[in-house]
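# A closer look at the structure
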Amino acid sequence: MAHSNPSLLGRLLAWLLGTTAASSAAIGVVVVSGRHLDPVLVIGLITLISVGASAVLLQIVRRYFLSPLLDLMHVSNRVTQTDDIKLRAPKYKSDELGRVVDAFNAMLDRIEKREAELTAERDRVTQALQQSEAMTAEAQRTTHKLEFEVQVRQRIERKLTDFQNYLNAIINSMPSALIAIDEHLLVTQWNQEASRLSGTRADQALGLSLADAFPLLGEHHDLVQQALSEHSLKSRHNLILTLPDEQRVRLNLVVYPLQQTEAHGAVIRLDDITEQFRLEEVMVQTEKMMSVGGLAAGMAHEINNPLGAIVQNAQNVQRRLDPKLKRNRETAAELQLDLQRFQSYLEARKVPHFLDNITESGLRASRIVTNMLQFSRASGHRLQPYPIGALMEQAINIALNDYNLKAGYADHNLFVDQDFRAPAIEVPCVMAELEQVLLNLLKNAAQAIRERFETLNDIDEGIIQIYQYIDDQDCVIEVSDNGAGMTEATRKRLFEPFFTTKEVGVGTGLGLSVSFFIITAHHYGNLSVDSEPGQGSRFTLRLPLHLPATDADSDTNVSAD
(Lines give C-alpha, C1' and ligand atoms only; values in the text may rest on other atoms or scores of the structure.)
Protein backbone atom coordinates (compact mmCIF):
# COMPACT_ATOMS: atom_id res chain seq x y z
CA MET A 1 0.00 0.00 0.00
CA ALA A 2 1.45 3.34 -0.93
CA HIS A 3 2.12 5.81 1.72
CA SER A 4 1.58 9.46 1.05
CA ASN A 5 4.17 11.91 2.26
CA PRO A 6 3.15 13.80 5.41
CA SER A 7 2.21 17.37 4.92
CA LEU A 8 4.46 20.21 5.89
CA LEU A 9 1.98 21.42 8.51
CA GLY A 10 1.76 17.96 10.05
CA ARG A 11 5.45 17.67 10.22
CA LEU A 12 5.75 21.11 11.77
CA LEU A 13 3.12 20.18 14.36
CA ALA A 14 4.88 16.91 15.02
CA TRP A 15 8.17 18.63 15.37
CA LEU A 16 6.66 21.30 17.62
CA LEU A 17 4.92 18.73 19.81
CA GLY A 18 8.06 16.60 20.01
CA THR A 19 10.22 19.51 20.90
CA THR A 20 7.68 20.75 23.44
CA ALA A 21 7.38 17.30 24.95
CA ALA A 22 11.13 16.87 25.13
CA SER A 23 11.55 20.27 26.64
CA SER A 24 8.80 19.71 29.13
CA ALA A 25 10.29 16.37 30.10
CA ALA A 26 13.68 17.88 30.49
CA ILE A 27 12.29 20.74 32.51
CA GLY A 28 10.35 18.30 34.62
CA VAL A 29 13.46 16.26 35.28
CA VAL A 30 15.29 19.39 36.17
CA VAL A 31 12.52 20.58 38.43
CA VAL A 32 12.29 17.23 40.13
CA SER A 33 15.98 16.92 40.44
CA GLY A 34 16.38 20.53 41.29
CA ARG A 35 14.99 20.36 44.75
CA HIS A 36 18.47 19.87 45.95
CA LEU A 37 19.96 22.36 43.51
CA ASP A 38 20.23 26.03 43.51
CA PRO A 39 17.10 27.62 42.08
CA VAL A 40 19.17 29.86 39.88
CA LEU A 41 20.83 26.87 38.36
CA VAL A 42 17.48 25.29 37.85
CA ILE A 43 16.17 28.34 36.09
CA GLY A 44 19.30 28.47 33.98
CA LEU A 45 18.91 24.86 33.04
CA ILE A 46 15.28 25.38 32.23
CA THR A 47 16.20 28.42 30.07
CA LEU A 48 18.95 26.51 28.39
CA ILE A 49 16.58 23.67 27.62
CA SER A 50 14.01 26.13 26.23
CA VAL A 51 16.57 27.94 24.09
CA GLY A 52 17.92 24.65 22.83
CA ALA A 53 14.45 23.45 21.98
CA SER A 54 13.73 26.74 20.18
CA ALA A 55 17.02 26.47 18.27
CA VAL A 56 16.22 22.96 17.25
CA LEU A 57 12.74 24.02 16.21
CA LEU A 58 14.14 27.02 14.29
CA GLN A 59 16.65 24.82 12.56
CA ILE A 60 13.91 22.41 11.58
CA VAL A 61 11.76 25.32 10.26
CA ARG A 62 14.70 26.77 8.35
CA ARG A 63 15.62 23.44 6.80
CA TYR A 64 12.21 22.23 5.86
CA PHE A 65 10.37 25.49 5.20
CA LEU A 66 12.52 28.56 4.89
CA SER A 67 15.32 27.04 2.75
CA PRO A 68 13.03 25.59 0.04
CA LEU A 69 11.01 28.79 0.07
CA LEU A 70 14.16 30.90 -0.24
CA ASP A 71 15.45 28.66 -3.06
CA LEU A 72 12.10 29.07 -4.80
CA MET A 73 12.23 32.84 -4.36
CA HIS A 74 15.87 32.88 -5.53
CA VAL A 75 15.05 30.94 -8.68
CA SER A 76 12.02 33.15 -9.25
CA ASN A 77 14.15 36.30 -8.89
CA ARG A 78 16.82 34.92 -11.27
CA VAL A 79 14.17 34.02 -13.79
CA THR A 80 12.73 37.52 -13.45
CA GLN A 81 16.13 39.21 -13.69
CA THR A 82 17.76 37.06 -16.37
CA ASP A 83 14.71 35.85 -18.29
CA ASP A 84 16.34 32.43 -18.16
CA ILE A 85 13.35 30.21 -18.20
CA LYS A 86 15.52 27.07 -18.22
CA LEU A 87 16.15 27.45 -14.46
CA ARG A 88 14.23 25.18 -12.14
CA ALA A 89 13.60 25.34 -8.39
CA PRO A 90 14.95 22.36 -6.38
CA LYS A 91 12.38 20.14 -4.79
CA TYR A 92 13.16 18.84 -1.30
CA LYS A 93 9.99 17.16 -0.24
CA SER A 94 6.75 16.16 -1.80
CA ASP A 95 4.82 18.40 0.49
CA GLU A 96 2.98 21.64 -0.01
CA LEU A 97 6.20 23.46 -0.82
CA GLY A 98 7.12 20.60 -3.13
CA ARG A 99 3.83 20.97 -4.91
CA VAL A 100 4.42 24.74 -5.10
CA VAL A 101 7.86 24.01 -6.54
CA ASP A 102 6.30 21.54 -8.95
CA ALA A 103 3.68 24.12 -9.94
CA PHE A 104 6.38 26.75 -10.32
CA ASN A 105 8.58 24.45 -12.39
CA ALA A 106 5.53 23.35 -14.41
CA MET A 107 4.77 27.01 -14.99
CA LEU A 108 8.37 27.50 -16.12
CA ASP A 109 8.00 24.46 -18.37
CA ARG A 110 4.87 25.90 -19.91
CA ILE A 111 6.53 29.30 -20.20
CA GLU A 112 9.57 27.62 -21.80
CA LYS A 113 7.31 25.65 -24.12
CA ARG A 114 5.32 28.76 -24.88
CA GLU A 115 8.55 30.66 -25.37
CA ALA A 116 9.78 27.95 -27.67
CA GLU A 117 6.52 28.08 -29.55
CA LEU A 118 6.69 31.86 -29.64
CA THR A 119 10.31 31.65 -30.75
CA ALA A 120 9.42 29.13 -33.41
CA GLU A 121 6.44 31.24 -34.42
CA ARG A 122 8.61 34.35 -34.33
CA ASP A 123 11.17 32.53 -36.44
CA ARG A 124 8.42 31.54 -38.84
CA VAL A 125 7.07 35.07 -38.78
CA THR A 126 10.58 36.42 -39.26
CA GLN A 127 11.18 33.98 -42.06
CA ALA A 128 7.81 34.83 -43.55
CA LEU A 129 8.59 38.51 -43.09
CA GLN A 130 11.96 38.00 -44.73
CA GLN A 131 10.29 36.08 -47.52
CA SER A 132 7.66 38.80 -47.73
CA GLU A 133 10.35 41.46 -47.82
CA ALA A 134 12.20 39.46 -50.44
CA MET A 135 9.00 39.02 -52.39
CA THR A 136 8.20 42.70 -51.88
CA ALA A 137 11.65 43.63 -53.11
CA GLU A 138 11.22 41.23 -56.03
CA ALA A 139 7.74 42.64 -56.63
CA GLN A 140 9.17 46.16 -56.52
CA ARG A 141 11.89 45.15 -58.95
CA THR A 142 9.24 43.46 -61.10
CA THR A 143 6.99 46.51 -60.75
CA HIS A 144 9.83 48.82 -61.74
CA LYS A 145 10.60 46.52 -64.63
CA LEU A 146 6.93 46.43 -65.61
CA GLU A 147 6.71 50.22 -65.24
CA PHE A 148 9.74 50.54 -67.48
CA GLU A 149 8.24 48.06 -69.97
CA VAL A 150 4.90 49.90 -69.76
CA GLN A 151 6.68 53.19 -70.42
CA VAL A 152 8.56 51.60 -73.31
CA ARG A 153 5.32 50.10 -74.63
CA GLN A 154 3.54 53.42 -74.18
CA ARG A 155 6.30 55.19 -76.11
CA ILE A 156 6.13 52.48 -78.75
CA GLU A 157 2.33 52.72 -78.84
CA ARG A 158 2.55 56.52 -79.11
CA LYS A 159 5.05 56.18 -81.90
CA LEU A 160 2.89 53.54 -83.57
CA THR A 161 -0.19 55.72 -83.05
CA ASP A 162 1.63 58.77 -84.40
CA PHE A 163 2.91 56.70 -87.31
CA GLN A 164 -0.59 55.28 -87.90
CA ASN A 165 -2.05 58.79 -87.76
CA TYR A 166 0.69 59.94 -90.12
CA LEU A 167 -0.10 57.12 -92.53
CA ASN A 168 -3.84 57.82 -92.20
CA ALA A 169 -3.17 61.50 -92.89
CA ILE A 170 -1.17 60.54 -95.98
CA ILE A 171 -3.86 58.12 -97.13
CA ASN A 172 -6.67 60.59 -96.44
CA SER A 173 -4.76 63.41 -98.16
CA MET A 174 -4.43 61.46 -101.37
CA PRO A 175 -6.80 62.45 -104.17
CA SER A 176 -7.40 58.77 -104.95
CA ALA A 177 -9.80 56.50 -103.10
CA LEU A 178 -7.81 53.76 -101.34
CA ILE A 179 -9.60 50.67 -100.05
CA ALA A 180 -7.89 47.65 -98.47
CA ILE A 181 -9.70 44.30 -98.38
CA ASP A 182 -8.88 40.85 -97.00
CA GLU A 183 -9.19 37.52 -98.79
CA HIS A 184 -12.92 37.44 -97.99
CA LEU A 185 -13.44 40.86 -99.62
CA LEU A 186 -14.11 42.53 -96.27
CA VAL A 187 -12.99 46.15 -95.93
CA THR A 188 -9.98 46.71 -93.65
CA GLN A 189 -8.93 50.22 -94.72
CA TRP A 190 -11.00 53.14 -96.03
CA ASN A 191 -9.91 56.72 -96.71
CA GLN A 192 -11.86 59.98 -97.02
CA GLU A 193 -11.93 59.97 -100.82
CA ALA A 194 -13.54 56.54 -100.69
CA SER A 195 -16.18 57.99 -98.36
CA ARG A 196 -16.78 60.89 -100.76
CA LEU A 197 -17.23 58.66 -103.78
CA SER A 198 -19.30 55.94 -102.07
CA GLY A 199 -21.25 57.99 -99.53
CA THR A 200 -20.24 55.48 -96.81
CA ARG A 201 -18.32 56.70 -93.75
CA ALA A 202 -15.11 54.92 -92.73
CA ASP A 203 -16.54 53.70 -89.41
CA GLN A 204 -19.47 52.20 -91.30
CA ALA A 205 -17.38 50.65 -94.08
CA LEU A 206 -14.80 48.82 -91.93
CA GLY A 207 -15.77 45.17 -91.64
CA LEU A 208 -18.42 45.35 -94.36
CA SER A 209 -18.22 43.40 -97.59
CA LEU A 210 -16.89 45.39 -100.52
CA ALA A 211 -20.20 45.24 -102.39
CA ASP A 212 -22.14 46.59 -99.39
CA ALA A 213 -19.66 49.38 -98.68
CA PHE A 214 -19.20 50.43 -102.33
CA PRO A 215 -21.86 49.10 -104.74
CA LEU A 216 -19.89 50.23 -107.82
CA LEU A 217 -17.00 47.94 -106.83
CA GLY A 218 -19.48 45.15 -106.21
CA GLU A 219 -20.29 45.34 -109.92
CA HIS A 220 -16.60 44.58 -110.63
CA HIS A 221 -16.39 41.69 -108.17
CA ASP A 222 -14.95 39.45 -110.89
CA LEU A 223 -11.97 41.77 -111.45
CA VAL A 224 -11.11 41.83 -107.74
CA GLN A 225 -11.41 38.05 -107.45
CA GLN A 226 -9.26 37.60 -110.53
CA ALA A 227 -6.56 39.88 -109.08
CA LEU A 228 -6.58 37.88 -105.82
CA SER A 229 -6.54 34.46 -107.46
CA GLU A 230 -3.90 35.32 -110.07
CA HIS A 231 -1.98 37.55 -107.65
CA SER A 232 -1.53 40.13 -110.38
CA LEU A 233 -2.51 43.73 -111.01
CA LYS A 234 -5.85 44.29 -112.70
CA SER A 235 -7.46 47.50 -113.91
CA ARG A 236 -10.47 48.99 -115.66
CA HIS A 237 -10.76 52.50 -117.01
CA ASN A 238 -13.32 55.22 -117.59
CA LEU A 239 -15.99 53.94 -115.21
CA ILE A 240 -18.95 56.27 -114.67
CA LEU A 241 -20.24 56.85 -111.11
CA THR A 242 -23.12 59.03 -109.96
CA LEU A 243 -22.30 60.62 -106.58
CA PRO A 244 -24.88 61.10 -103.80
CA ASP A 245 -25.22 64.74 -104.91
CA GLU A 246 -26.16 63.53 -108.44
CA GLN A 247 -22.82 64.62 -109.86
CA ARG A 248 -21.34 62.21 -112.42
CA VAL A 249 -17.63 61.42 -112.27
CA ARG A 250 -15.31 59.20 -114.28
CA LEU A 251 -13.02 56.78 -112.49
CA ASN A 252 -10.08 54.51 -113.19
CA LEU A 253 -10.08 51.29 -111.14
CA VAL A 254 -6.83 49.49 -110.22
CA VAL A 255 -6.57 46.40 -107.96
CA TYR A 256 -3.16 45.68 -106.35
CA PRO A 257 -2.73 42.29 -104.59
CA LEU A 258 -0.77 42.58 -101.32
CA GLN A 259 2.89 41.66 -101.74
CA GLN A 260 5.52 40.40 -99.23
CA THR A 261 3.03 39.71 -96.46
CA GLU A 262 1.41 36.63 -94.96
CA ALA A 263 -2.00 38.30 -95.07
CA HIS A 264 -4.00 37.69 -98.21
CA GLY A 265 -5.83 40.67 -99.61
CA ALA A 266 -5.61 43.57 -102.00
CA VAL A 267 -5.59 47.34 -102.22
CA ILE A 268 -8.11 49.00 -104.53
CA ARG A 269 -7.38 52.44 -105.94
CA LEU A 270 -9.98 54.64 -107.61
CA ASP A 271 -8.73 57.74 -109.44
CA ASP A 272 -11.15 60.55 -110.31
CA ILE A 273 -10.27 61.37 -113.92
CA THR A 274 -13.26 63.64 -114.55
CA GLU A 275 -11.19 66.80 -114.83
CA GLN A 276 -8.46 64.98 -116.73
CA PHE A 277 -11.08 63.67 -119.14
CA ARG A 278 -12.40 67.18 -119.66
CA LEU A 279 -8.90 68.56 -120.15
CA GLU A 280 -8.21 65.84 -122.68
CA GLU A 281 -11.39 66.81 -124.49
CA VAL A 282 -10.29 70.44 -124.44
CA MET A 283 -6.86 69.46 -125.72
CA VAL A 284 -8.46 67.41 -128.49
CA GLN A 285 -10.70 70.34 -129.40
CA THR A 286 -7.72 72.72 -129.29
CA GLU A 287 -5.64 70.46 -131.50
CA LYS A 288 -8.54 70.09 -133.93
CA MET A 289 -9.01 73.83 -134.02
CA MET A 290 -5.30 74.44 -134.51
CA SER A 291 -5.26 72.01 -137.41
CA VAL A 292 -8.46 73.51 -138.83
CA GLY A 293 -7.05 77.00 -138.41
CA GLY A 294 -4.57 76.58 -141.22
CA LEU A 295 -7.21 74.94 -143.40
CA ALA A 296 -9.67 77.72 -142.59
CA ALA A 297 -7.17 80.41 -143.55
CA GLY A 298 -6.47 78.80 -146.90
CA MET A 299 -10.14 78.13 -147.57
CA ALA A 300 -11.08 81.66 -146.58
CA HIS A 301 -8.60 83.22 -148.97
CA GLU A 302 -9.62 80.88 -151.78
CA ILE A 303 -13.35 81.40 -151.21
CA ASN A 304 -13.16 85.14 -150.54
CA ASN A 305 -12.21 86.17 -154.06
CA PRO A 306 -14.92 84.31 -156.06
CA LEU A 307 -17.40 85.08 -153.31
CA GLY A 308 -16.61 88.77 -153.55
CA ALA A 309 -17.03 88.59 -157.30
CA ILE A 310 -20.40 86.85 -156.97
CA VAL A 311 -21.73 89.41 -154.48
CA GLN A 312 -20.33 92.32 -156.43
CA ASN A 313 -21.77 91.08 -159.75
CA ALA A 314 -25.13 90.36 -158.14
CA GLN A 315 -25.19 93.89 -156.74
CA ASN A 316 -24.17 95.27 -160.15
CA VAL A 317 -27.03 93.36 -161.81
CA GLN A 318 -29.45 94.78 -159.23
CA ARG A 319 -28.22 98.33 -159.89
CA ARG A 320 -28.39 97.93 -163.71
CA LEU A 321 -31.96 96.69 -163.47
CA ASP A 322 -33.03 99.57 -161.27
CA PRO A 323 -35.31 101.90 -163.36
CA LYS A 324 -34.47 104.83 -161.11
CA LEU A 325 -30.90 105.09 -162.33
CA LYS A 326 -30.44 107.60 -165.17
CA ARG A 327 -27.88 105.45 -166.96
CA ASN A 328 -30.33 102.54 -167.10
CA ARG A 329 -33.09 104.76 -168.56
CA GLU A 330 -30.77 106.19 -171.20
CA THR A 331 -29.61 102.74 -172.33
CA ALA A 332 -33.19 101.46 -172.45
CA ALA A 333 -34.23 104.50 -174.57
CA GLU A 334 -31.42 103.90 -177.00
CA LEU A 335 -32.59 100.32 -177.40
CA GLN A 336 -36.25 101.40 -177.55
CA LEU A 337 -36.96 99.21 -174.51
CA ASP A 338 -39.84 99.96 -172.20
CA LEU A 339 -37.97 99.77 -168.92
CA GLN A 340 -41.12 99.75 -166.81
CA ARG A 341 -42.59 96.82 -168.71
CA PHE A 342 -39.25 95.03 -168.54
CA GLN A 343 -39.17 95.66 -164.79
CA SER A 344 -42.66 94.24 -164.51
CA TYR A 345 -41.49 91.15 -166.36
CA LEU A 346 -38.53 90.72 -163.99
CA GLU A 347 -40.75 91.08 -160.95
CA ALA A 348 -43.24 88.68 -162.43
CA ARG A 349 -40.44 86.16 -162.86
CA LYS A 350 -39.09 87.05 -159.35
CA VAL A 351 -35.68 87.91 -160.73
CA PRO A 352 -35.09 90.68 -158.10
CA HIS A 353 -35.99 88.17 -155.41
CA PHE A 354 -33.45 85.71 -156.76
CA LEU A 355 -30.84 88.45 -156.92
CA ASP A 356 -31.61 89.38 -153.30
CA ASN A 357 -31.17 85.74 -152.31
CA ILE A 358 -27.85 85.64 -154.15
CA THR A 359 -26.68 88.79 -152.38
CA GLU A 360 -27.92 87.64 -148.95
CA SER A 361 -26.38 84.21 -149.38
CA GLY A 362 -23.13 85.77 -150.51
CA LEU A 363 -23.04 88.11 -147.51
CA ARG A 364 -23.86 85.18 -145.22
CA ALA A 365 -21.06 83.20 -146.80
CA SER A 366 -18.82 86.22 -146.29
CA ARG A 367 -19.64 86.24 -142.59
CA ILE A 368 -18.79 82.53 -142.42
CA VAL A 369 -15.46 83.24 -144.09
CA THR A 370 -14.84 86.04 -141.59
CA ASN A 371 -15.50 83.60 -138.73
CA MET A 372 -13.20 81.08 -140.33
CA LEU A 373 -10.44 83.65 -140.39
CA GLN A 374 -10.70 83.96 -136.61
CA PHE A 375 -8.90 80.61 -136.42
CA SER A 376 -5.86 81.84 -138.29
CA ARG A 377 -5.44 85.38 -137.02
CA ALA A 378 -4.90 87.02 -133.67
CA SER A 379 -7.02 89.82 -132.37
CA GLY A 380 -6.27 93.22 -133.75
CA HIS A 381 -7.15 94.91 -130.47
CA ARG A 382 -5.34 95.34 -127.20
CA LEU A 383 -6.86 93.65 -124.12
CA GLN A 384 -8.19 96.42 -121.90
CA PRO A 385 -9.67 96.19 -118.38
CA TYR A 386 -13.44 96.42 -118.59
CA PRO A 387 -16.12 96.14 -115.87
CA ILE A 388 -17.43 92.63 -116.32
CA GLY A 389 -20.85 93.48 -114.85
CA ALA A 390 -21.55 96.22 -117.39
CA LEU A 391 -20.38 93.98 -120.24
CA MET A 392 -22.63 91.12 -119.14
CA GLU A 393 -25.65 93.42 -118.67
CA GLN A 394 -25.14 94.78 -122.17
CA ALA A 395 -24.86 91.28 -123.67
CA ILE A 396 -28.01 90.13 -121.84
CA ASN A 397 -30.01 93.17 -123.02
CA ILE A 398 -28.95 92.59 -126.62
CA ALA A 399 -29.87 88.91 -126.37
CA LEU A 400 -33.29 89.60 -124.82
CA ASN A 401 -34.08 92.05 -127.63
CA ASP A 402 -32.90 89.66 -130.33
CA TYR A 403 -35.81 88.42 -132.41
CA ASN A 404 -34.05 85.17 -133.28
CA LEU A 405 -33.54 84.39 -129.59
CA LYS A 406 -37.22 84.99 -128.74
CA ALA A 407 -38.51 83.12 -131.78
CA GLY A 408 -40.45 80.02 -130.83
CA TYR A 409 -41.42 81.23 -127.33
CA ALA A 410 -44.94 82.42 -128.17
CA ASP A 411 -46.47 79.69 -125.99
CA HIS A 412 -43.69 79.34 -123.42
CA ASN A 413 -41.95 81.57 -120.91
CA LEU A 414 -38.22 82.21 -120.92
CA PHE A 415 -36.54 83.72 -117.83
CA VAL A 416 -32.99 84.88 -117.32
CA ASP A 417 -31.74 84.56 -113.70
CA GLN A 418 -28.72 86.75 -112.99
CA ASP A 419 -26.35 86.50 -110.02
CA PHE A 420 -23.28 88.72 -110.30
CA ARG A 421 -21.08 88.38 -107.22
CA ALA A 422 -18.35 90.79 -108.33
CA PRO A 423 -19.86 93.00 -111.06
CA ALA A 424 -17.39 95.87 -110.51
CA ILE A 425 -14.33 93.72 -111.12
CA GLU A 426 -12.41 94.65 -114.27
CA VAL A 427 -11.31 91.88 -116.60
CA PRO A 428 -8.69 92.31 -119.36
CA CYS A 429 -10.62 91.65 -122.55
CA VAL A 430 -11.70 92.78 -125.98
CA MET A 431 -15.18 93.99 -125.15
CA ALA A 432 -16.75 93.24 -128.53
CA GLU A 433 -15.32 89.73 -128.69
CA LEU A 434 -16.32 88.81 -125.13
CA GLU A 435 -19.78 90.22 -125.78
CA GLN A 436 -19.98 88.03 -128.89
CA VAL A 437 -19.09 84.96 -126.79
CA LEU A 438 -21.79 85.72 -124.21
CA LEU A 439 -24.38 86.25 -126.97
CA ASN A 440 -23.44 82.91 -128.52
CA LEU A 441 -23.83 81.14 -125.16
CA LEU A 442 -27.20 82.81 -124.47
CA LYS A 443 -28.49 81.97 -127.95
CA ASN A 444 -27.29 78.39 -127.59
CA ALA A 445 -29.10 78.11 -124.22
CA ALA A 446 -32.33 79.54 -125.67
CA GLN A 447 -32.20 77.12 -128.60
CA ALA A 448 -31.58 74.15 -126.24
CA ILE A 449 -34.61 75.14 -124.14
CA ARG A 450 -36.75 75.53 -127.26
CA GLU A 451 -35.63 72.09 -128.40
CA ARG A 452 -36.73 70.62 -125.05
CA PHE A 453 -40.14 72.29 -125.41
CA GLU A 454 -40.50 70.84 -128.91
CA THR A 455 -39.27 67.31 -128.08
CA LEU A 456 -39.65 66.39 -124.40
CA ASN A 457 -42.10 69.13 -123.36
CA ASP A 458 -41.57 68.18 -119.69
CA ILE A 459 -40.86 71.66 -118.23
CA ASP A 460 -43.20 74.58 -117.58
CA GLU A 461 -40.76 77.38 -118.29
CA GLY A 462 -37.30 77.93 -119.69
CA ILE A 463 -34.66 79.26 -117.32
CA ILE A 464 -31.23 80.58 -118.23
CA GLN A 465 -29.01 81.13 -115.18
CA ILE A 466 -25.98 83.40 -115.38
CA TYR A 467 -23.57 83.28 -112.42
CA GLN A 468 -20.44 85.39 -112.10
CA TYR A 469 -17.92 85.15 -109.25
CA ILE A 470 -14.21 85.28 -108.47
CA ASP A 471 -12.24 82.07 -108.01
CA ASP A 472 -8.65 82.73 -106.94
CA GLN A 473 -7.13 84.72 -109.85
CA ASP A 474 -9.93 84.02 -112.32
CA CYS A 475 -13.26 85.61 -113.11
CA VAL A 476 -15.71 82.74 -113.62
CA ILE A 477 -18.91 83.08 -115.66
CA GLU A 478 -21.38 80.19 -115.71
CA VAL A 479 -24.25 80.09 -118.23
CA SER A 480 -26.60 77.19 -117.52
CA ASP A 481 -29.99 76.21 -118.88
CA ASN A 482 -32.70 73.63 -118.35
CA GLY A 483 -32.73 72.70 -122.00
CA ALA A 484 -32.53 69.34 -123.72
CA GLY A 485 -28.89 68.74 -122.82
CA MET A 486 -26.54 66.74 -124.99
CA THR A 487 -25.00 63.31 -125.25
CA GLU A 488 -21.37 62.56 -124.59
CA ALA A 489 -20.66 62.22 -128.32
CA THR A 490 -22.15 65.67 -128.98
CA ARG A 491 -20.28 67.21 -126.05
CA LYS A 492 -16.97 65.86 -127.34
CA ARG A 493 -17.45 67.58 -130.73
CA LEU A 494 -19.27 70.67 -129.49
CA PHE A 495 -16.39 73.09 -130.09
CA GLU A 496 -15.37 71.64 -133.44
CA PRO A 497 -15.68 74.07 -136.36
CA PHE A 498 -18.72 73.43 -138.60
CA PHE A 499 -20.17 70.87 -136.16
CA THR A 500 -23.88 71.47 -135.54
CA THR A 501 -26.92 69.44 -134.51
CA LYS A 502 -29.30 71.94 -136.19
CA GLU A 503 -30.90 71.50 -139.57
CA VAL A 504 -29.09 72.59 -142.71
CA GLY A 505 -29.35 76.33 -143.15
CA VAL A 506 -30.23 76.97 -139.50
CA GLY A 507 -26.73 76.91 -138.02
CA THR A 508 -23.20 77.13 -139.37
CA GLY A 509 -21.48 75.21 -136.54
CA LEU A 510 -19.04 78.08 -135.96
CA GLY A 511 -20.64 79.97 -133.03
CA LEU A 512 -19.27 77.87 -130.17
CA SER A 513 -16.02 77.04 -131.94
CA VAL A 514 -15.32 80.73 -132.53
CA SER A 515 -16.28 81.45 -128.91
CA PHE A 516 -13.87 78.75 -127.74
CA PHE A 517 -11.10 80.19 -129.88
CA ILE A 518 -11.75 83.75 -128.67
CA ILE A 519 -11.58 82.72 -125.01
CA THR A 520 -8.57 80.38 -125.24
CA ALA A 521 -6.42 82.09 -127.87
CA HIS A 522 -7.29 85.77 -127.42
CA HIS A 523 -8.09 85.98 -123.70
CA TYR A 524 -5.87 83.20 -122.28
CA GLY A 525 -8.88 81.65 -120.59
CA ASN A 526 -10.86 78.44 -120.68
CA LEU A 527 -14.32 77.42 -121.88
CA SER A 528 -15.81 74.07 -120.86
CA VAL A 529 -19.24 72.44 -120.82
CA ASP A 530 -20.98 69.98 -118.51
CA SER A 531 -24.16 68.41 -119.84
CA GLU A 532 -26.32 65.29 -119.74
CA PRO A 533 -29.32 64.41 -121.93
CA GLY A 534 -32.48 65.81 -120.36
CA GLN A 535 -30.48 67.55 -117.59
CA GLY A 536 -29.63 70.83 -119.31
CA SER A 537 -26.16 72.25 -119.90
CA ARG A 538 -23.71 74.43 -118.02
CA PHE A 539 -20.99 76.38 -119.84
CA THR A 540 -18.14 77.57 -117.60
CA LEU A 541 -16.03 80.46 -118.83
CA ARG A 542 -12.83 81.34 -116.91
CA LEU A 543 -10.98 84.59 -117.62
CA PRO A 544 -7.70 85.47 -115.88
CA LEU A 545 -7.77 88.73 -113.94
CA HIS A 546 -4.09 89.28 -114.70
CA LEU A 547 -2.45 88.61 -118.05
CA PRO A 548 0.85 86.73 -118.37
CA ALA A 549 3.85 89.04 -118.02
CA THR A 550 4.95 88.46 -121.60
CA ASP A 551 1.52 89.43 -122.95
CA ALA A 552 0.38 92.17 -120.59
CA ASP A 553 2.19 94.97 -122.41
CA SER A 554 2.14 93.66 -125.96
CA ASP A 555 -0.41 94.10 -128.73
CA THR A 556 -1.50 91.33 -131.03
CA ASN A 557 -1.70 92.58 -134.60
CA VAL A 558 -3.47 91.22 -137.62
CA SER A 559 -2.00 91.17 -141.09
CA ALA A 560 -4.30 92.49 -143.77
CA ASP A 561 -5.99 89.93 -146.01
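Our subject is the structure listed above.
Here we summarise the structure given alongside this text. The model shown is predicted, which means the values in this text are computed figures rather than measured ones.

Now for the packing of aromatic side chains. Here the structure, examined in full by the defined rule, presents three aromatic pairs. Residues Trp190 and Phe214 carry aromatic rings whose centres are separated by 6.3 Å and whose planes lie at 55 degrees to one another, so their mutual orientation is tilted. Taken together, the residues Trp190 in strand S2 (residues 187-190) and Phe214 in the loop between helix H6 (210-213) and helix H7 (215-218) connect sequence positions 24 residues apart. Judged by relative accessible area, Trp190 falls into the buried class, the value being 4%. Under the relative-accessibility criterion, Phe214 is labelled buried at 1%.

The next subject is the packing of helix H13 (residues 388-400) against helix H15 (residues 431-455). When two helices pack together, their arrangement is given by the angle between the helix axes and by the axis-to-axis distance. Following both chains from N to C, one finds H13 and H15 inclined at 50 degrees, their axes separated by 9 Å at the closest point. In terms of their interaxial angle, H13 and H15 are classed as oblique. Handedness of the H13/H15 crossing: right-handed. On H15, the residues that touch Ile388, Leu391, Met392, Gln394, Ala395, Ile396, Ile398 and Ala399 of H13 are Met431, Leu434, Glu435, Leu438, Leu439 and Leu442. A per-class count over the contact of H13 with H15 returns 12 nonpolar, one polar and one charged.

Another aspect to go through is H13. With 13 residues, H13 should cover 18 Å at 1.5 Å per step; its first-to-last C-alpha distance of 18 Å lies within 8% of that length. Three or more residues of H13 are buried, namely Ile388, Gly389, Leu391, Met392, Ala395, Ile396 and Ala399. Down the axis, H13 shows its buried residues gathered within 165 degrees of arc, on one side only.

Quick look at the sheet that holds strand S3 (residues 234-242) now. Judged by pairing direction, the sheet is antiparallel, and its five strands sit side by side in the order S2-S1-S5-S4-S3 without closing on themselves. Unpaired on one side and paired on the other, S2 and S3 mark the two borders of the sheet. Looking at each pair of strands side by side, their axes are set apart by 20 degrees on average, direction ignored. Alignment of strand S4 (residues 248-257) against strand S5 (residues 265-272), held across seven bridges, turns out to be antiparallel. In the sheet register, Tyr256 faces S5, and the bridge partner there is Val267. The sheet contacts of helix H8 (residues 221-230) involve strand S1 (177-182), S3, S4 and S5, and relative to S3 the element is tilted by about 160 degrees.

Procedures and definitions
Residues numbered from 1 in each chain as written. Predicted model: local features only at pLDDT ≥ 70, side-chain atom pairs only at ≥ 80, totals over all residues. Heavy atoms only, no water. Phe/Tyr/Trp six-rings, centres within 6.5 Å; stacked < 30°, edge-to-face > 60°. Helix = DSSP H or I, 4+ residues; strand = E, 2+ residues; numbered from the N terminus. Buried < 20%, exposed > 50% of the residue type's maximum accessible area, 1.4 Å probe, protein only. Axes fitted to C-alpha atoms, helices over the stretch in contact; angles between N-to-C directions. Parallel < 35°, antiparallel > 145°, perpendicular 65-115°, else oblique. Left-handed = near helix turned anticlockwise from the far one by under 90°. Contact = heavy atoms within 4.5 Å. Nonpolar A, V, L, I, M, F, W, Y, C, P; charged D, E, K, R; others polar. Expected span 1.5 Å × (residues − 1). Arc of directions from axis to C-beta. Pairing = 2+ DSSP bridges.

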